[in-house]
Amino acid sequence: MERCQLNETLGFLVDFSLMNKLNINYSLTERFLTHSKYIYNYHDGFNFDEVWGFFTENQFYPYLLSFEQTFNINYTPAEFFCIEAGNGKQFYGDGYRSLLQSDYSGNHPYIKIESEFLNFKYSCTWSRFGNPTYYNSYNIPKYNVTHYLDCRIGKHVNLGLFESVMSRKFMSFEFFNPVVFFRPIDYSLGSDNNVLMGANFKVSFSQKNCIYAQFVLDDVIVGQLMNDIKHRISSSYTGLYGWFANKWGIHGGMKFFDMFKVKGLDCFVEGNIVRPYTYSHSVRELTYTCNGKPLAHPLGANFVEGVGGISYFNDFIECNLKVAYAIVGADSSQYSHFGQNVFYPTMDAYMPSQSNIPVSSYYNVLLQGIRTNVATVKFDIAYYPLKNKALSVFAEIAMRYNSNELRKDKYLGVCIGVRSRIIR
C-alpha cells in the first residue's frame, strides 16, 4: 500500500483572439511530484512490468520536477479552412479510449490543416515525436503524418477514415501531399516506414445516445487472416495460424446522456481488443509511440479491456465513477516478447542492429504471455462555489489491483484539495 504523498502544481494560461480569425493560447504547468517506483519507471516508458504496479518495494523518488507546455496558434482565413501550429496532442475517435491516436502521450510540435465542406471534414497533421531509446536517454526524433477524413452520412451516421505514417527522416516530398494515401507510396518507395490505417464509425440515434466503433490495421496478409478465422471456427483445423504480423485492434462502445430523463446524468461503456505486436515495428525507432508512451492505448497491445463510467453534474456538484478491467498478456521485461510491449522491435528473425528477441512466426494468440489481471476503480466528487466552475473543492479515491501467476499488487490513493479548471 502506498504512503501519503503531496503533489504541488503551478501554472498559467494566456489566451488571445482577434476578429474570430486568429487565436493564440499558451499554458505552462509545473509539477513537483513525489512518485512511487512504478510511476517513475512508467515515465521511462519501457519497463511495462513496472507500469502495471509489479514493483518490489514502495520506493519513492521525491525530486521529480515535471514541466508541460501547451501552445497553439490557429488562423482561419475562410469559414471552411483553418491552419494550426503548436505544441500539443491529438485525439481521434468518439470513445473514452482511442486505438487510432489518443491524447495519452506527451505534447509534441505539430502543424495541422483542417477543411470542412458539405458533409466532409478533413484534417492533415505533421508532427515531430520524441523517441527515447532503451539504452540511453538520447532523444532520437521521428516524424509522423496523419490524415483523417470524416464523412456524415444522413443525419445519424458518421464514418471516419484514418491513416498515419512514421518515419525516421523528415518527410520526403511525396508525404507533403495532404490528400495522398500512404500505403501505395510507401510500397513504391520500398521504405521501412511504419504505416497504420483505421476507421471510426458512429451512429447517433438521438442527442441522448449513440454507439461507436473503431478498427485499426497495423499490418495483415488476408490469407493469413483467413487461416486465423478457420482456426477460430474449427478446432479440427491443422494448418498454420497466428502469424505474428497480423496486427489489428477493434474498439466499440455506447454513450447515454440525461439518462432516465435526469439532466446531467451520463454514462458510457466500451470494450477494446488489440492483437499481440500491434503498434510495434521491426525498427525500434519507428514504433507507434511518443515521448516514452504509447500513442494509442495505455496498455500497449495484447489485451482485452472493458471500461465504463457514470457521471452526474449540475451548477454546483460533479460526481464521476470510472471502472476498468483488463486481461493483458504481459511481457517479461528482459527475457521475452509476447507482444504487449509496443516499444520493442518485432521480427521473427534476429536483427543485430536491433538486438531483438525473435518472435514465433506462427501460433501467436491473443493474451499469450504472462496473463495479468488489471482492475482499476476511480471515484471523485467536486463542489463548485462559483457558477462559472472556475474553482472547485474536490475529493478523489482511486484503487488498482494487478495480479498474475508471479505476484499480486494493490494500490489505494486518496486525494482532497482545491483545483482550477483553467488548464485541463
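Rules of the game
- Residues numbered from 1 in each chain as written.
- Predicted model: local features only at pLDDT ≥ 70, side-chain atom pairs only at ≥ 80, totals over all residues.
- Heavy atoms only, no water.
- Helix = DSSP H or I, 4+ residues; strand = E, 2+ residues; numbered from the N terminus.
- Buried < 20%, exposed > 50% of the residue type's maximum accessible area, 1.4 Å probe, protein only.
- Contact = heavy atoms within 4.5 Å.
- Areas by Shrake-Rupley, 256 points an atom, 1.4 Å probe, with all protein chains shown as cover.
- Pairing = 2+ DSSP bridges.
- Core = buried A, V, L, I, M, F, W, Y, C linked by side-chain atoms within 4.5 Å.
- Salt bridge = Lys/Arg side-chain N within 4 Å of Asp/Glu carboxyl O.
- Phe/Tyr/Trp six-rings, centres within 6.5 Å; stacked < 30°, edge-to-face > 60°.
- pLDDT = per-residue confidence, 0-100.
- Patch = residues over 30% accessible without salt bridge, like charges linked within 9 Å, V, L, I, M, F, W, Y side chains within 5 Å.
- Polar contact = N/O pair within 3.5 Å; in protein donor to acceptor, adjacent residues only side chain to side chain.

1. Details of the overall build of the protein chain
Consideration 1: Of the regular secondary structure elements, the protein chain holds 4 helices and 19 strands.
Consideration 2: Relative to its full complement of 424 residues, the protein chain shows a buried share of 44%.
Consideration 3: Long-range pairs, those at least 24 residues apart, make up 62% of the contacts in the protein chain with a sequence separation of at least 6.
Consideration 4: Surface summary for the protein chain: the accessible area is close to 22,200 Å², and the carbon and sulfur share equals 62%.

2. Focus: the pairing of strand β9 (residues 194–206)
Consideration 1: As paired elements, strand β8 (residues 157–167) and β9 share 10 bridges and run antiparallel to each other. Of the residues in β9, the one forming a bridge with V165 is V195.
Consideration 2: Where β9 and strand β10 (residues 209–219) come together, 9 bridges link them in antiparallel fashion. Counted as the bridge partner of G198 is V216 from β10.
Consideration 3: The antiparallel hairpin formed by β9 and β10 contains 2 residues in its connecting segment.

3. A closer look at the nonpolar core
Generally speaking, soluble globular proteins have nonpolar side chains that are buried together.
Consideration 1: F162, Y279 and Y288 are the most contacted members of the largest nonpolar core, which totals 25 residues.
Consideration 2: At the level of elements, β8 and β16 (317–330) are the ones that each hand at least two residues to this core.
Consideration 3: When residues no more than four places from it in sequence are discounted, the contact partners of Y279 are L99, N194, L196, V216, D218, V274, T287, Y288, A296, G300 and V342.
Consideration 4: Formed by 8 residues, the second largest nonpolar core is a distinct cluster that contains C124, W126, V145 and F175.

4. A few points about the pattern of salt bridges
Consideration 1: In total, this model carries 7 salt bridges according to the counting rule given.
Consideration 2: A salt bridge links D94 to K202, with the nearest nitrogen and oxygen atoms 3.7 Å apart. One end of the pair, D94, is in the loop between β4 (81–88) and β5 (108–117); the other, K202, is in strand β9, with 108 residues separating them in the sequence.

5. A closer look at the packing of aromatic side chains
Consideration 1: Taken as a whole, this structure holds 7 aromatic pairs when the rule is applied.
Consideration 2: Taking the centre distance of 5.1 Å and the plane angle of 80° together, the rings of Y241 and Y363 count as edge-to-face. Of this pair, Y241 sits in the loop between α4 (222–233) and β11 (247–256) while Y363 sits in the loop between β16 and β17 (370–383), placing them 122 residues apart in sequence.
Consideration 3: Overall, Y241 belongs to the buried group, its relative accessible area being 18%.

6. Things to note about the pairing of strand β19 (residues 408–420)
Consideration 1: Pairing analysis gives 13 bridges linking strand β18 (residues 391–403) to β19, with the strands arranged antiparallel. Within the sheet, the bridge partner assigned to S392 lies in β19 and is R419.
Consideration 2: Between β18 and β19, which follow one another and run antiparallel, lie 4 residues.

7. Brief notes about the confidence of the model for the protein chain
Consideration 1: Of all residues in the protein chain, 81% have pLDDT values of 70 or greater, and the mean over the chain is 84.
Consideration 2: This model gives residues 35–64 a pLDDT under 50, and the stretch forms 84 contacts once residues within four places in sequence are excluded.

8. Structural notes on the environment of T146
Consideration 1: Tracing the sequence through the fold places T146 in strand β7 (residues 142–153).
Consideration 2: Residue class for T146 comes out buried when judged on its relative accessible area of 1%.
Consideration 3: For the pair T146 and P178, spaced 32 residues apart in sequence, the C-alpha to C-alpha distance is 9.1 Å.
Consideration 4: Setting aside its immediate chain neighbours within four residues, T146 contacts Y92, Q101, S123, C124, T125, F162, E163 and S164.

9. Considerations on the environment of L99
Consideration 1: Examined against the element boundaries, L99 turns out to sit in the loop between β4 and β5.
Consideration 2: We classify L99 as buried; its relative accessible area is 0%.
Consideration 3: Each C-alpha atom, one on L99 and one on A296, is 5.1 Å from the other, the two residues being 197 residues apart in sequence.

10. Some points on a nonpolar patch on the surface
Consideration 1: Residues I310, L321, V323, F379, I381, I397, M399, L412 and V414 make up a contiguous nonpolar surface patch of about 690 Å² in total accessible area.
Consideration 2: Of all the secondary structure elements, the ones that give two or more residues to the nonpolar patch are β16, β17, β18 and β19.
Consideration 3: Summarising the element assignment, I381 is placed in strand β17.

11. Topic: the environment of K155
Consideration 1: Note on placement: K155 falls in the loop between β7 and β8.
Consideration 2: Sequence spacing of K155 and V203 is 48 residues, and the spatial spacing of their C-alpha atoms is 9.2 Å.

12. Points about the side chain of E318
Consideration 1: Of note, E318 is situated in strand β16.
Consideration 2: A polar side-chain atom of E318 sits 3.3 Å from a polar atom in the side chain of N320.

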